[in-house]
Amino acid sequence: MALEIKTSIDFAGCKADAFEVRRIVFMEEQGYENEFEAIDDDPRCIHVTGYAQGELVGCARVFPEELERTLSPEVPQSPTCALDGQVDASRTYLMGRVAVVASARRQGFALALARAAEEAARTAGAQLMKLHAQEYIRGMYEQLGYEAIRDVDYEDEGQPHVWMAKLL
């Protein structure tokens, strides 16, 4: 099934749609207390949404790493890695909140959303992408060329996560 991708750069309703997916997946299904933060409202944060046959099925977001250090210093910060020295710090972006609603899982949508998020970040100037993925989805990111840059941690509401990175 084909996935139609939209970004907050070209579709005003993208952020609201992404919030709906995140509320369902992270808060209702996984029990996270607060899924939203100031980064979401910054114009440098790019929200990506996916639609299958016109129905909202998933989302992702990307933003410059420096934005998180400024607006959300209380969340786990990305660790340094060997790739950092290959790009200017302003060209490092973070990907996160990749989510697909339960009824649309196992169809490759998360992979497509992650690729679309990478492309949106690349267009915005990103050269290095980092992410703090839930450990169970690590294999998908490895398929995209990401490598772990730190051991699994439990910094995000007690859920096992792994920091990963790749050059774009």
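Our structure's up above, just so we're on the same page.
Remember, it's a predicted structure, so these values are computed and weren't measured experimentally.

Reading the values: the criteria
Each chain carries its own residue numbering, running from 1 in the direction its sequence is written. Side-chain atom pairs in this predicted model are given and counted only at pLDDT of 80 or more, local residue features only at pLDDT of at least 70, and totals for whole chains, interfaces and linings cover all residues. Hydrogens and water molecules were not included; the side-chain quantities draw on all heavy atoms of the structure. Helix and strand assignments come from DSSP, with helices taken as H or I runs of at least 4 residues and strands as E runs of at least 2, each series counted from the N terminus. Take the residue count of a helix, subtract one, and multiply by 1.5 Å to get its expected span. Each residue is placed in one exposure class: buried if its accessible area under a 1.4 Å probe, protein chains only, is under 20% of its type's maximum, exposed if it is over 50%, and partly exposed if it falls in between. For two strands to be treated as a pair, DSSP must find no fewer than two bridges joining them. The nonpolar core is taken to be a set of buried Ala, Val, Leu, Ile, Met, Phe, Trp, Tyr and Cys residues, with the residues joined through side-chain atoms within 4.5 Å. Between two residues, a contact is recorded if the distance between any of their heavy atoms is within 4.5 Å. The pairing test for Phe, Tyr and Trp rings, Trp by its six-membered ring, is centres within 6.5 Å, and the orientation test on the planes gives stacked under 30 degrees, edge-to-face over 60, and tilted for anything in between. Counting as a charge over the ring demands two things of the Lys NZ or Arg CZ atom: a distance within 6 Å of the ring centre and an angle within 35 degrees of the ring normal.

### Topic: helix α3 (residues 109–124)
In this model, α3 (16 residues) spans 22 Å end to end at C-alpha, consistent with the 22 Å of a helix rising 1.5 Å per residue. For α3, every residue scored as buried is listed here: Phe109, Leu111, Leu113, Ala114, Ala116, Ala117, Glu118, Ala120 and Ala121.

### A word on the pairing of strand β2 (residues 46–52)
For a regular strand, side chains alternate in direction, first toward one face of the sheet and then toward the other. Burial of β2 is extensive: 7 of the 7 residues sit out of reach of the surface. For β2 and strand β3 (residues 55–64), the ladder comprises 7 bridges, and the chain directions are antiparallel. Residue Val48 lies in a different strand from β3, and its bridge partner there is Ala60. From the end of β2 to the start of β3, which pair antiparallel, there are 2 residues, and Gln53 there has a positive phi angle of about 50°.

### Topic: the nonpolar core
Among the nonpolar cores identified, the biggest contains 38 residues, and Met95, Tyr141 and Tyr146 are the most heavily contacted of them. Among the elements that make up this core, the one with the highest residue count is α3 (8 residues). Not counting residues up to four positions away in its chain, the partners in contact with Met95 are Arg61, Val62, Ala114, Ala117, Glu118, Met129, Lys130, Leu131, His132, Tyr141 and Tyr146. Ranked by size, the runner-up nonpolar core spans 6 residues in total, among them Ile39, Leu67, Leu94 and Trp163.

### Examining the packing of aromatic side chains
Each pair of aromatic rings is reported with the distance of its centres and the angle of its planes. With the rule as written, the count across this model stands at 4 aromatic pairs. Judged by centre distance (4.6 Å) and plane angle (45°), the rings of Phe19 and Phe36 are tilted. Of this pair, Phe19 sits in helix α1 (residues 14–29) while Phe36 is found in the loop between α1 and β2, placing the two residues 17 residues apart along the sequence. Looking at Phe36, the relative accessible area reads 26%, which means it is partly exposed. Seen in terms of ring centroids, Phe26 and Tyr32 are 6.1 Å apart; in terms of plane orientation they differ by 80°. Their pairing is edge-to-face. One exposure class covers both Phe26 and Tyr32, and it is buried. Geometry around Phe11 places Lys6 over its ring, the cationic atom sitting 4.2 Å from the centre. The side chain of Lys6 reaches across the aromatic face of Tyr51, ending 4.9 Å from its centre.

All we've got here are geometric facts, nothing functional implied.
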